[in-house]
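Given next are the chains, with one letter for each unit.
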Amino acid sequence: MIRNWTIHLTTLIGFTIWAATDPLFQKMIHVRDPFNMPDVVGWGRVLTLAVLVLIGGLSFMSAAFKLLGCMKSETGHRSIRQLLVLTTVVALWLGFARQYDSIAWQGKRLRFSARIDELEAIAAPLRDHWPERDGEIPGIGPFMAYPFGRPTTLLLLEAPPVASRSLYISAIEKCRYGAIKLQLTGTDGGDWAEWHPPLRRPVSFVGGLADPHELHTATAIGNGWYLVRYRA
């Protein structure tokens, strides 16, 4: 029985590590049509998910059946202890089901904490020399500036990669108090990396294309940088 519970809890730990390290884990879980999952995240993830679910399910059923069988032949504190083991395992899975988004977010925060230097290399030239018209900047590439006259948004025509080719910068916003906001795309994108002056934090804003962004959550990653998510 101990062996079955060990295998089962190892499966749970595997899911937790996967959620924290794989940028596509949330996207995979949120796929509504399972038949479309291979097209969205690839067959490798689908097969890994199937194997973990199979191992976790079989080990849980085997341990649970043996536990319930032992409880029928035992009384007292041993039966209560075995029931607590089963309840604890179920509670852990329920906790994971409720918190896997938070686990994935914290994993992303750790990944971006290691990318501050590359983000800084993009933002630093723009703090004191924000463009007033369309142009091109070394390390950033060609861009279009909006709105015309007093631009606050740069739409990058050749999105520069950050860290690897799984992450790109598609647009850059500058707030009136100096914050630089980088819109992220790619496998590990979908959010924003933002630099804010001291005593300033991310807030909801309206972009240079009159597009509203309502703040959902923001987490500091160091040196004035934040990983930020806005509601769609």
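What counts and what doesn't
- Residues numbered from 1 in each chain as written.
- Predicted model: local features only at pLDDT ≥ 70, side-chain atom pairs only at ≥ 80, totals over all residues.
- Heavy atoms only, no water.
- Pairing = 2+ DSSP bridges.
- Helix = DSSP H or I, 4+ residues; strand = E, 2+ residues; numbered from the N terminus.
- Core = buried A, V, L, I, M, F, W, Y, C linked by side-chain atoms within 4.5 Å.
- Buried < 20%, exposed > 50% of the residue type's maximum accessible area, 1.4 Å probe, protein only.
- Contact = heavy atoms within 4.5 Å.
- 1 Å grid on protein atoms, 1.4 Å probe; cavity = no way out; pocket = protein on both sides within 12 Å on 5 of 7 lines; lining within 4 Å.
- Points joined across faces, edges and corners; volume = space filled by probe spheres on them.
- Nonpolar A, V, L, I, M, F, W, Y, C, P; charged D, E, K, R; others polar.
- Expected span 1.5 Å × (residues − 1).

I keep staring at the pairing of strand 6 (residues 180–185) and nothing clicks. Help me out?
A regular strand carries its side chains on alternate faces of the sheet. Pairing of strand 6 with strand 7 (residues 192–195), which is carried by four bridges, proceeds in the antiparallel orientation. Counted as the bridge partner of Leu182 is Ala193 from strand 7.

For this particular structure, what's the right way to read the nonpolar core?
Generally speaking, a soluble globular protein has its nonpolar side chains buried in company with each other. Judged by nonpolar contacts, the single largest core of 26 residues is most densely connected at Leu119, Leu126, Leu154, Ile169, Ile172, Leu182 and Trp225. Only helix 5 (77–113), helix 6 (116–128), strand 2 (141–146), strand 3 (153–156), strand 5 (164–174), strand 6, strand 7 and strand 10 (225–231) provide two or more residues apiece to this core. Tallying contributions element by element places helix 6 first for this core, with five residues. Non-local contacts of Trp225, meaning those with residues more than four positions away in its chain, are made with Ile116, Leu119, Glu120, Ala123, Arg127, Leu182, Ala193, Glu194, Trp195, Thr219 and Ala220. By size, the runner-up hydrophobic cluster in this structure holds 15 residues, among which are Ala19, Val31, Leu49 and Leu52.

Explain the pairing of strand 7 here, please?
Neither face of strand 7 is left uncovered, since the one carrying Trp192 and Glu194 and the one carrying Ala193 and Trp195 both have all their residues buried. Sheet topology note: the strand 7/strand 10 ladder contains four bridges and is antiparallel. Bridged to Glu194 within strand 10 is Tyr226.

Explanation requested: the layout of surface pockets in the structure shown.
Empty pockets left among the atoms are what a rolling probe the size of a water molecule brings to light. There is about 420 Å³ of room inside the largest pocket. Lining of the largest pocket is provided by 21 residues; of these, Gln26, His30, Asp101, Asp191 and Arg229 occupy positions nearest its centre. Those elements giving two or more residues to the lining of the largest pocket turn out to be helix 2 (25–29), helix 5 and strand 9 (212–222). Top contributing element to the lining of the largest pocket by residue count: helix 5, with six residues. When the residues that make up the lining of the largest pocket are grouped by side-chain class, the tally is five nonpolar, eight polar and eight charged. Roughly 210 Å³ of volume is contained in the second largest pocket. Surrounding the second largest pocket, Trp130, Pro131, Glu132, Gly149, Arg150, Pro151, Thr152, Lys174, Cys175 and Arg176 form its lining. Of the residues belonging to the lining of the second largest pocket, the class tally is four nonpolar, two polar and four charged.

Please clarify how the environment of Ala64 should be interpreted in this entry.
You can see Ala64 is positioned in helix 4 (residues 43–73). In this structure, the C-alpha to C-alpha distance between Ala64 and Gln82, residues 18 residues apart in sequence, is 9.6 Å. Dropping the residues within four chain positions of it, Ala64 is found in contact with Trp5 and Leu86.

What is the right way to look at helix 6 in this model?
Between the first and last C-alpha of helix 6 there are 19 Å, a value that for 13 residues agrees with the 18 Å anticipated at 1.5 Å per step. Taken residue by residue, helix 6 has Ile116, Leu119, Ile122, Ala123, Leu126 and Arg127 as its buried positions.

In short, the description is geometric, and any link to function would need to be established separately.
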